[in-house]
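The chain contents come next:
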Amino acid sequence: MKKILEMISDEMKNAFEQAGYDRELGKVTLSNRPDLCEYQCNGAMAGAKQYKKAPLMIANDVAAKLADSSVFAKAEAVAPGFLNLTLTNEFVGEYVKNMRAADKYGLEEDKTAETIVIDYGGPNIAKPLHIGHLRSAIIGESIKRILRYIGHTVIGDVHMGDWGLQMGLVINELKIRNSGLVYFDENYTGEYPSEPPFTLAELEEIYPYASKRSKEDEAYKADAMACTFKLQSGVRGYRALWNHIIEVSVTDLKKNYKRLNVEFDLWNGESAVQDLIPGMVDSMKKGGYAHISEGALVVDVKEDTDTKEVPPCMILKSDGAALYNTTDLATIMMRMSEYNPDKIIYMTDKRQELYFEQVFRCARKTKLVRPETKLVYIGFGTMNGSDGKPFKTRAGGVMRLESLIQEIYDEMLRKIAENSGIEDDEARQTAETVALAALKYGDLSNQASKDYIFDIERFTSSEGDTGPYILYTIVRIKSILAKFVENGGDLEAVRMDIKAPVNDSEKQLMMALAKYNASIEAAAQEYAPHKICAYIYDLANAFNHFYHETKILAEEDASRKAGWIALLALTRDVLETSIDLLGFSAPDRM
Ligand code: ARG
């Protein structure tokens, strides 16, 4: 379906043409002065020079052609040459009715229909997650859903850090604590136990301890590095222990992501591509791309047009060890051979921007990707506490995803119980749903690249630009519709009954709804979930305004009432579809 702004512009362009002017002058924009008009066109000013005429004369000529327009109720030429525009109620009603009938409320699918791999989440096994991992999961999940909705084939990969020194640190410490474990017996040839020799809690305690000690104790660190090396070269017992660590951690990660309503198609990690590295390194050498610099194998990636220093991409360290880069390049190779994607999108906090620039250039130069494959990096800002520093939980320690969600959940449950006086299963379920909306909306409503302040009071408030406000609005609509049904109304029967608006607040609601396809398309093109947040916030405001001005259920004119109910049902559907794209949902009652 055409966007409403395109339809309005078409009408205006025709008028310019009929009046004898260039039709391209007829571009319409939202009004700068909503107190005077809904839309405006500045084309007459732009044409003044070309036609050697006062802009107001041109505007008058055009306005005369629009006197009987079915789109514009008013097209007024005002000094010095603006065209102030107001839409007809019929046109607005018709547009919204067509939205109801259309697939995806009139959003056109992207004709390119690409295959896209999206790399997000990026948790590190055994290491605590930080706020950047949370943001990557929240933003990545939303972008994945948006791109899928608009028609692309999207594969989400969690890309775990499961192969680095942290694994050696944990294994080494396990060895110190329990050297008798069969995993460390190099002569053992039997099967290893299926149960891990540690719990999640132990695992979580071990890493911070080992990491700290390795920074103070050289010999200890050397042992951990030796363990990492043994693991990476495939020593059986180390591999078996590693499998246990992965299994225990992944089970916990999955639980956390589930609570966040985040779901990955692939659970690949850095380890998945280790076998591809030797071949890749070989072909980089043979292709003449890689050379030795200070003992290390590197690929130069700087370009003449660079304004900043872009260091070479290091492929192997001087001791022959692979790095984070090496794994990322091999992962690109694997993704190309398995999915042949048109695009790969990465999402991390923006400190990794230069790193990804190096990796992308290296992948292009060494022809790991097709020339037309797009490699996209989305860097996001930090979530800060009220002190302006990266957020910490109330206890002050490292952030655990669980404790963050828990904090919001506790606050939400407190508010809900305070309102209703009851704290039962339903209240707890509702608190869970609303807490997720509070957290995700609080994050996604900011432009991703910007830092923002995590403010639990504001995020959980039911007023203002917040997740709970959006949910309250949806619940309000649901409750009106439920009453309509209770009183014998039939929602299906009135579904298509949307009519021209009868008052201004109804018209405003319809005009807000009508921006759906343009908003979702912009969000998809710019990887910008915050555009959906802005859309639904405006829509929720427009709805609440209409609601306060209109006695919907008490309306006596049955046809008018049916129109309103149909409009409400559409508003609910559009809001619920939008929040699903953001990765959360609404309860039926609150
Ligand atoms: N595990 C990494 C980290 O914690 C993030 C991974 C991002 N994705 C990637 N392909 N490098 O920083």
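Look up a bit, the structure's there.
Residues numbered from 1 in each chain as written. Predicted model: local features only at pLDDT ≥ 70, side-chain atom pairs only at ≥ 80, totals over all residues. Heavy atoms only, no water.

## Quick look at the pairing of strand 6 (residues 153-157)
Burial analysis of strand 6 places four of its five residues in the buried class, which makes it a mostly covered element. Relative to strand 6, strand 5 (residues 115-119) runs parallel, the two being bridged by five bridges. When the bridges of strand 6 are listed, Thr115 appears paired with Thr153. Read as a crossover between parallel neighbours, the route from strand 5 over helix 5 (residues 131-149) to strand 6 is right-handed. (Buried < 20%, exposed > 50% of the residue type's maximum accessible area, 1.4 Å probe, protein only. Helix = DSSP H or I, 4+ residues; strand = E, 2+ residues; numbered from the N terminus. Pairing = 2+ DSSP bridges. Right-handed = clockwise from strand over helix to strand, strands pointing away.)

## Some details on the site of the ligand
Around the ligand, the neighbouring residues are Asp119, Gly122, Asn124, His133, His159, Tyr324, Asp328, Tyr346, Thr348, Gln352 and Phe356. Between the ligand and Asn124 there is a distance of 2.7 Å, counted from a nitrogen atom to a side-chain nitrogen or oxygen. A distance of 2.8 Å separates a nitrogen atom of the ligand from a polar atom in the side chain of Tyr324. For the ligand, whose free accessible area comes to 350 Å², the fraction covered by protein is 89%. (Near = heavy atom within 4 Å. Polar contact = N/O pair within 3.5 Å; in protein donor to acceptor, adjacent residues only side chain to side chain. Areas by Shrake-Rupley, 256 points an atom, 1.4 Å probe, with all protein chains shown as cover.)

## Comments concerning the pattern of salt bridges
One pass over the full model with this rule turns up 45 salt bridges. The partner of Arg145 in a salt bridge is Glu141, and the shortest N-O contact between them spans 2.8 Å. Taken together, the residues Arg145 and Glu141, both in helix 5 and four residues apart, mark about one turn of the helix. The exposure class assigned to Arg145 is buried, which follows from its relative accessible area of 16%. Glu141 gets classed as buried once you look at its relative accessible area, which sits at 1%. One salt bridge in this structure joins Lys415 and Glu457, with 3.5 Å as the shortest N-O distance. One end of the pair, Lys415, is in helix 13 (residues 401-420); the other, Glu457, is in helix 15 (residues 456-459), with 42 residues separating them in the sequence. (Salt bridge = Lys/Arg side-chain N within 4 Å of Asp/Glu carboxyl O.)

## Here we look at a positive patch on the surface
The grouping of Lys127, Lys215, Lys221 and Lys317 at the surface amounts to a positive patch. Here Lys317 is to be found in the loop between strand 9 (313-316) and helix 11 (324-339). Lys317 sits in the partly exposed class, given a relative accessible area of 39%. (Patch = residues over 30% accessible without salt bridge, like charges linked within 9 Å, V, L, I, M, F, W, Y side chains within 5 Å. Lys, Arg positive; Asp, Glu negative; His and termini not counted. Charge placed at Lys NZ, Arg CZ, Asp CG, Glu CD.)

## Structural notes on the packing of aromatic side chains
Following the criterion strictly, the structure yields 23 aromatic pairs and no others. An angle of 50° between the planes, with centres 5.2 Å apart, marks the rings of Tyr188 and Tyr192 as tilted. Overall, Tyr188 belongs to the partly exposed group, its relative accessible area being 27%. The buried category is assigned to Tyr192, whose relative accessible area is 16%. Ring geometry for Tyr257 versus Phe264: centroids 4.9 Å apart, planes at 75°, classification edge-to-face. A single burial state applies to Tyr257 and to Phe264, both of which are buried. The structure contains a cluster of three or more aromatic residues connected by ring pairs, namely Tyr324, Tyr346, Tyr355, Phe356, Phe360 and Tyr377. A cation sits over an aromatic face here: Arg259 above Tyr409, 5.6 Å from the ring centre. (Phe/Tyr/Trp six-rings, centres within 6.5 Å; stacked < 30°, edge-to-face > 60°. Lys NZ or Arg CZ within 6 Å of the ring centre and 35° of its normal.)

## With respect to the sheet that holds strand 7 (residues 290-293)
Taking strand neighbours across the sheet as the criterion, the three strands line up as 7-8-9 in an open arrangement whose pairing is antiparallel. Sheet topology places strand 7 and strand 9 at the edges, where each strand pairs with a single neighbour. Here the average twist between neighbouring strands, direction ignored, is 45°. Relative to strand 8 (residues 296-299), strand 7 runs antiparallel, the two sharing four bridges. Bridge pairing in strand 8 places Ile292 opposite Leu297. Where helix 12 (residues 353-365) meets the sheet, its contacts fall on strand 8 and strand 9, and the angle it forms with strand 9 comes to roughly 70°. (Axes fitted to C-alpha atoms, helices over the stretch in contact; angles between N-to-C directions. Contact = heavy atoms within 4.5 Å.)

## Digging into unusual backbone geometry
Of note, the bond from Ala79 into Pro80 is cis; its omega dihedral lies within 30 degrees of zero at 0°. Relative to the assigned elements, Pro80 resides in the loop between strand 3 (72-78) and strand 4 (82-87). At Lys52, a position not held by glycine, the phi torsion is positive, near 45°. Relative to the helices and strands, Lys52 resides in the loop between helix 2 (43-51) and helix 3 (55-65).

## Quick look at the nonpolar core
Grouped together as the largest cluster of nonpolar side chains are 156 residues, with contacts concentrated most on Met12, Val62 and Leu87. The leading source of residues in this core is helix 21 (residues 558-582), at 13 residues. Setting aside anything within four residues of it in sequence, one finds Met12 in contact with Gly26, Val28, Cys41, Val62, Leu66, Phe72, Leu83 and Leu85. Core analysis: the next-biggest nonpolar cluster, separate from the first, contains 33 residues, Leu266, Ala290, Ala363 and Leu368 among them. (Core = buried A, V, L, I, M, F, W, Y, C linked by side-chain atoms within 4.5 Å.)

## Notes on the sheet that holds strand 6
Strands sit in the order 6-5-10-11 across an open sheet of four strands; the sheet is parallel. The sheet is open, and its two edges are formed by strand 6 and strand 11 (374-380), each paired on a single side. Here the average twist between neighbouring strands, direction ignored, is 20°. Bridge count between strand 10 (residues 343-349) and strand 11: seven bridges; the pairing is parallel. By the bridge assignment for strand 11, Ile344 is matched with Leu375. On the sheet, helix 11 packs against strand 5, strand 6 and strand 10 and is oriented at approximately 145° with respect to strand 10.

## Considerations on helix 19 (residues 516-525)
Of all ten residues that make up helix 19, seven are buried, and the element is covered over most of its length. Tucked into the core, helix 19 has its buried residues touching helix 4 (89-101), helix 5, helix 18 (504-513), helix 20 (529-549) and helix 21.

## Description of the side chain of Asp443
Among the secondary structure elements, Asp443 is positioned in helix 14 (residues 425-444). Look at Asp443 and you get buried, because its relative accessible area is 1%. Within the local environment of Asp443, its side chain forms a polar contact with the side chain of Arg135, the two groups lying 2.9 Å apart. Other than its neighbours up to four places away in sequence, Asp443 contacts Arg135, Ile138, Ile139 and Tyr452.

Read these as geometric descriptors, not functional statements.
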